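# Structural overview for review
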Amino acid sequence: MIRSLPIRLTLAAGATLLVAACAPPPGTTGTVADRPNVEGDPDVMVVDVDPAMERRFARLDANGDGLATWEEAYAMRADQFATMDADHNGAVTGDEFSARAQPFTAFDRNGDGVIEFGEFIDHHRTMFSRVDADGDGAVSLGEYARAMREMGAT
Ligand SMILES: [Ca+2]
Ligand SMILES: [Ca+2]
Ligand SMILES: [Ca+2]
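This section reports on the structure supplied with the text. (Residues numbered from 1 in each chain as written. Chains lettered and ligands numbered in written order. Predicted model: local features only at pLDDT ≥ 70, side-chain atom pairs only at ≥ 80, totals over all residues. Heavy atoms only, no water.)

### A few points about the coordination of the calcium ion (ligand 1)
- Here the calcium ion (ligand 1) is held by Asp61 (OD), Asn63 (OD1), Asp65 (OD), Leu67 (O), Glu72 (OE) and Glu72 (OE), and the distances to it run 2.2 to 2.4 Å.
- Around the calcium ion (ligand 1), the six donor atoms sit at angles spanning 54 to 156°, and that spread fits a shape best called irregular.
- Taken in sequence order, the residues that donate to the calcium ion (ligand 1) follow the motif D-x1-N-x1-D-x1-L-x4-E.
- We classify Leu67 as buried; its relative accessible area is 17%. (Donors = N, O, S within 2.8 Å, 3.2 Å for Na, K, Ca; no water. Tetrahedral: all angles 85-135°; square planar, octahedral: opposite > 155°, others 65-115°. Buried < 20%, exposed > 50% of the residue type's maximum accessible area, 1.4 Å probe, protein only.)

### Brief notes about the coordination of the calcium ion (ligand 3)
- Protein coordination at the calcium ion (ligand 3): the donors are Asp132 (OD), Asp134 (OD), Asp136 (OD), Ala138 (O), Glu143 (OE) and Glu143 (OE), at 2.2 to 2.5 Å from the metal.
- Each of the six donor atoms bound to the calcium ion (ligand 3) contributes to angles spanning 53 to 159°, and the resulting shape is irregular.
- All donors of the calcium ion (ligand 3) come from a single chain, and their spacing in sequence reads D-x1-D-x1-D-x1-A-x4-E.

Any functional reading would require information that these geometric values do not contain.
Here it is in structure tokens:
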């Protein structure tokens, strides 16, 4: 399991050397600060990140800046809800609910047998806050990978 990340970091280090060979002297560019939570994220150093997980994270990180904000997560979940809500009445029934990592009852908080959009989003908002371990309002790949592993979804 501990394979892709060391390779990734090695490649990144190699790329940095290559860039350094033909780039302006250090201090004149902002490339490291531009991506503070990807290669520079200390979380990434201690968590295994496999390609499938990176792809899932990339789906969340719509603008590809290496951080999944709640706005990005919300947009994805809203799409997901709309896809499940086949008759577009704003509520997902057991029939419409497609197999997810979590059971129907985890979303149907008031137990009325349907998942309203608010219930769906509230649940994901709670999950997002839990995954955002440092509470800075955005989920880094490291935070995501760690949460996925804790949930046993690796
Ligand atoms: Ca993003
Ligand atoms: Ca409900
Ligand atoms: Ca965070």
